Amino acid sequence: MSHHIVEVKDLKFHYPDQTPALRGVSFQIRHGESVAIVGANGAGKSTLLLHLNGYLTPTDGQVRIGDYQLTPETVREVRRTVGMVFQDPDDQLFMSTVFDDVAFGPLNLGFTPEDVTARVEKALATVGVSHLKNRPPHRLSTGQKRRVAIASVLSMSPDILVMDEPSAGLDPRARTQLIELLKSFEHTKIIATHDLDMVVDLCERTIVMHDGLVSADGPTMEIFSDDKLLAASCLEKPLRMQGCPICRCKG
Amino acid sequence: MSTKIDRAFYDIGHLDILAEADTPLHRLDPRAKLLTTAVFVVCVVSFGKYEIAGLLPFFLYPAVVIGLAELPLSFLLRKLLLVSPFVIFIGIFNPWLDREVMVQLGPVGISGGWVSFASLLLRFSLTVGAALLLIATTGFGTICMALEQLGAPRVFTVQLLLLYRYLFVLIAESIRMMRAQSLRSFNAKGRISYRVFLQMLGNLLLRTIDRAQRIHMAMLSRAFTGEIRIVRQFSFGYKEACFLAGFGGLFLCLRLTDLTALLGSLVLGITG
């Protein structure tokens, strides 16, 4: 087994109308790493994420997850390894109660009903929403929905968590609580986001995407200190690294 | 206009809140309630066209359920009124089509049309009322699962489940769209032109397709293979059996014997 848990090699992808979305992306991610993928709108972040669980098939290039080269034969194993949390929890929570939703993945993977129940209870307890077990998802707040969405992949015990904009639409406190929750996970994390302050809190490494290519890949603080790179990628420094607007001192 | 839609939307959600209550009736196995409701509906519907007296004793069941489950009567009546125009339109021509006098009340002759119209309204209130009560004491999702346990095809129950789940998302989406439209259209009447309406409808369809694709994606990434599985244990004990046998038996009895006439003749017999 290679020590790289995610390996993307020269990944290219065109949409059916020939719009190029990825134009040769390569990177490697090790066990337990927490990596942010940042970039302007339309830079290719979401398209990249959809390759990591085999929803999209590369036009060219390779994706390797753990021991598996991503092919139609291994896609089931890959999806078990990669837990994907979507941006809009309403897309992810499609069953009529929280319990059924969190049980959906484990049931598909063929666990026994007792096993499934135990997994669901554990996942719900981990994200702190055990009391919502029997509620219909459409009556939860966005913060609660997000937690349930995370529980719905945790219940499959994935090695890698892939998240698309996990902090979007949350109030400041719910956002802080979510960051604390994600910090407590030991999974390999890949987070696509515009919330650069969250990146500072969660990810030691950042991959910057621009126009379907990786324009930088390195330690988060180094990348966020590079004004020229950020400007070229249509990004701005995280707020806490900018000067204080009231006392005018440099941060 | 949009506030009316908003209200109707929150009202649907309110049935879910009612279903979360914890009364002896709520705790009953959903299959018992489903089957009892089915027997009830069949009995009510199978009465003759001009039947009125025979239907009245059936109001006992909704009354008992509302009492036991502590449901708000006014809310349920509002729901019933909301659907009533459909039935009124179906039956409104009966009095014109069927003018033969059936009942003579002193100088006033009541035609068969009016009698059958009244009977239709009674049957509507009973059956739709029973369905509303079933949802308010059980919850829609649980009913679907009970249906499946009773042998309904899985495709059907899963469709129902997803339909109910995304009804709220769809309505919320339409409300947002209507709001955006009304905030930027400055005609005093607030009416939507036909052309704009068609475009909005098309847009809603496209959004729905996008959403469906994202949901499918979410399902696939959780090892979905084409079959939706659910763990749920129901227990059909003696309480359920008593409920079903008791009410089912009562309904059949009411259907097969003319209780009103029996009571009437009894009273007349005593006084006479």
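Counting restarts for each chain: residues are numbered from 1 in the order of the written sequence. Working convention: letters from A go to chains and numbers from 1 go to ligands, in the order in which they are written. Local features in this predicted model are restricted to residues of pLDDT 70 or higher, and side-chain atom pairs are both shown and tallied only at a pLDDT of 80 or more, whereas totals for entire chains, interfaces and linings draw on every residue. Working from all heavy atoms in the structure, the side-chain values ignore hydrogens and water.

Where do I start with the pattern of salt bridges in this structure?
Charged atoms that come close allow side chains of opposite charge to pair. All names here are of chain A. In what follows, salt bridge is the name for a side-chain nitrogen of Lys or Arg lying within 4 Å of a carboxyl oxygen of Asp or Glu. For the coordinates displayed, the defined rule picks out 23 salt bridges over all chains. For Lys 12, the salt bridge is made with Asp 10, and the minimal N-O distance between the two is 3.9 Å. Residue Lys 12 is classed as partly exposed on the basis of its relative accessible area of 29%. Here Arg 80 makes a salt bridge to Glu 77, at a shortest N to O gap of 3.9 Å. Within this pair, Arg 80 and its partner Glu 77 are both found in helix 2 (residues 75-81), separated by 3 residues, close to a single helical turn. Remark: exposure states derive from per-residue accessible area (1.4 Å probe, protein chains only) relative to the maximum for the residue type, with buried under 20%, exposed over 50%, and partly exposed in between. Numbering goes from the N terminus for both helices and strands, where a helix is a DSSP run of H or I of at least four residues and a strand is a run of E of at least two.

So what exactly am I meant to see when it comes to the packing of aromatic side chains here?
The description of an aromatic ring pair uses the distance of the two centres, along with the angle that the planes make with each other. Planes of paired rings set the category: under 30 degrees apart is stacked, over 60 is edge-to-face and the rest tilted, where pairs are Phe, Tyr or Trp rings (Trp by its six-membered ring) whose centres lie within 6.5 Å. Using the criterion set out here, one finds 15 aromatic pairs over all chains in the structure. Taken together, a centroid distance of 5.0 Å and an interplanar angle of 85° make the contact between Phe 13 of chain A and Tyr 15 of chain A edge-to-face. A residue is classified by how much of its surface remains accessible, and Phe 13 of chain A, at 7% relative accessible area, is buried. Aromatic side chains Phe 40 of chain B and Phe 251 of chain B sit 5.0 Å apart centroid to centroid with 65° between the ring planes, which places their arrangement in the edge-to-face category. Here the residue Phe 40 of chain B occupies a position in helix 3 (residues 30-45), and Phe 251 of chain B occupies one in helix 11 (residues 238-256), the gap between them amounting to 211 residues. Each member of the pair Phe 40 of chain B and Phe 251 of chain B is classed as buried. Clustering of aromatic rings is evident, with ring pairs tying together Phe 40, Phe 47, Phe 58, Tyr 61, Phe 243, Phe 247 and Phe 251 of chain B. We call a charge positioned over a ring when the NZ of a Lys or the CZ of an Arg lies within 6 Å of the ring centre and within 35 degrees of the ring normal. We note Arg 165 of chain B situated over the ring of Tyr 166 of chain B; from NZ or CZ to the ring centre the distance is 4.9 Å. Here the basic side chain of Arg 255 of chain B rests over the ring of Phe 47 of chain B, its NZ or CZ set 4.4 Å away from the ring centre.

Help me out: how do you make sense of the domain arrangement of chain B in this one?
Note: interface size is frequently given as the accessible area lost on complex formation between the parts. Residues and elements named next belong to chain B. All the domain ranges listed were derived from an automatic or database domain assignment. The domain boundaries assigned to chain B delineate domain 1 (1-152 + 234-264) and domain 2 (153-232). Placing the centre of domain 1 and that of domain 2 at their C-alpha centroids yields a distance of 30 Å. At the junction of the two partners, domain 1 supplies 17 residues and domain 2 supplies 15 residues. For the pair domain 1 and domain 2, the summed buried surface comes to about 1700 Å²; carbon and sulfur atoms form 75% of the total. Our enumeration of links across domain 1 and domain 2 arrives at 1 salt bridge. Its salt-bridge partner being Glu 148, residue Arg 154 comes within 2.9 Å of it at the nearest N-O pair. Here a polar contact means two N or O atoms within 3.5 Å. Within protein one must be a hydrogen donor candidate and the other an acceptor candidate, and residues neighboring in sequence count only if both atoms are side-chain atoms. Inspection of the domain 1/domain 2 interface yields 3 residue pairs in polar contact (both at pLDDT 80 or more). Contributions of two or more residues to the side of domain 1 that touches domain 2 are made by helix 1 (2-19) and helix 8 (140-149). Of all the elements, helix 8 adds the most residues to the side of domain 1 that touches domain 2, at 7 residues. Here, two residues are considered to be in contact whenever any of their heavy atoms come within 4.5 Å of each other. Two parts lose some accessible area (1.4 Å probe) when they are put together, and adding that loss for both gives the buried area.

Sorry if this is basic, but what is going on with the sheet that holds strand 1 (residues 4-14) of chain A here?
Pairing between the strands of a sheet comes from backbone hydrogen bonds, and it takes one of two forms, parallel or antiparallel. Residue and element names in this part refer to chain A. Only strands that DSSP links by at least two bridges are regarded as paired with each other. The strand order across the open sheet built from 4 strands is 2-1-4-5, with neighbouring strands paired in antiparallel fashion. Only two strands of the sheet have a single partner each, and these edge strands are strand 2 (20-30) and strand 5 (68-69). With 2 bridges connecting them, strand 4 (residues 60-65) and strand 5 associate as antiparallel partners. Each residue of the ladder has a partner; that of Ile 65, found in strand 5, is Tyr 68.

Got a minute to help me understand the pairing of strand 2 (residues 108-111) of chain B in this structure?
Both faces of the sheet carry side chains from a regular strand, because those side chains alternate between them. Residues and elements named next belong to chain B. Pairing geometry for strand 1 (residues 101-105) and strand 2, over 4 bridges, is antiparallel. Bridging across to strand 2, Val 103 finds its partner in Ile 110. Where strand 1 hands over to strand 2, the hairpin turn is made up of 2 residues, of which Gly 106 adopts a positive phi near 60°.

Looking at this structure, I do not really get the side chain of Arg 31 of chain B. What am I missing?
Residues and elements named next belong to chain B. In this fold, Arg 31 is placed in helix 3. Judged by relative accessible area, which is 15%, Arg 31 ranks as buried. A distance of 3.4 Å separates a polar atom in the side chain of Arg 31 from a polar atom in the side chain of Gln 149. Setting aside chain neighbours within four positions, we find Arg 31 in contact with Ala 146, Gln 149, Leu 150, Phe 234, Ser 235 and Phe 236.

It is not clear to me how the interface of chain B and chain A should be interpreted in this structure. Could you clarify?
With 31 residues of chain B at the contact, the number on the chain A side is 35 residues. Buried surface at the junction of chain B and chain A, both sides included, amounts to about 2900 Å², of which 58% is carbon and sulfur. When the area that chain B buries against chain A is broken down by residue, the three leading residues are Arg 165, Arg 222 and Val 231 of chain B, summing to 28%. Linking chain B with chain A are 6 salt bridges, by the criterion used here. Arg 222 of chain B serves as the salt-bridge partner of Asp 101 of chain A, at 2.9 Å between the closest nitrogen and oxygen. At the junction of chain B and chain A, the tally comes to 10 residue pairs in polar contact (both at pLDDT 80 or more). Going through the elements one at a time, helix 1, helix 8, helix 9 (154-184) and helix 10 (194-220) of chain B are the ones with two or more residues in the side of chain B that touches chain A. Among the elements that line the side of chain B that touches chain A, the one with the most residues is helix 10 of chain B, at 8 residues.

What am I meant to see in the packing of helix 4 (residues 98-108) of chain A against helix 5 (residues 113-126) of chain A here?
For any two helices packed against each other, one specifies the inter-axial angle together with the distance between the axes. Residues and elements named next belong to chain A. Relative to each other, helix 4 and helix 5 sit at 120°, their axes nearing to 9 Å. By the angle class used here, helix 4 and helix 5 are oblique. Once helix 4 is placed against helix 5, the crossing between them reads as right-handed. Residues Val 98, Phe 99, Val 102, Ala 103, Pro 106 and Leu 107 of helix 4 touch helix 5, and the partners they reach there are Val 116, Thr 117, Arg 119, Val 120, Glu 121, Ala 123 and Leu 124. Taken together, the residues of the contact of helix 4 with helix 5 break down into 10 nonpolar, 1 polar and 2 charged. Axis definition: a line fit to C-alpha positions, over the contact stretch in the case of helices; interaxial angles, taken between N-to-C directions, run 0 to 180 degrees. Any angle between 65 and 115 degrees counts as roughly perpendicular, while under 35 counts as roughly parallel, over 145 as roughly antiparallel, and the rest as oblique. Each crossing gets its handedness from the near helix: less than a right angle anticlockwise from the far helix is left-handed, clockwise is right-handed. Only Asp, Glu, Lys and Arg are considered charged in this grouping, and only Ala, Val, Leu, Ile, Met, Phe, Trp, Tyr, Cys and Pro are considered nonpolar; every other residue, Gly among them, is considered polar.

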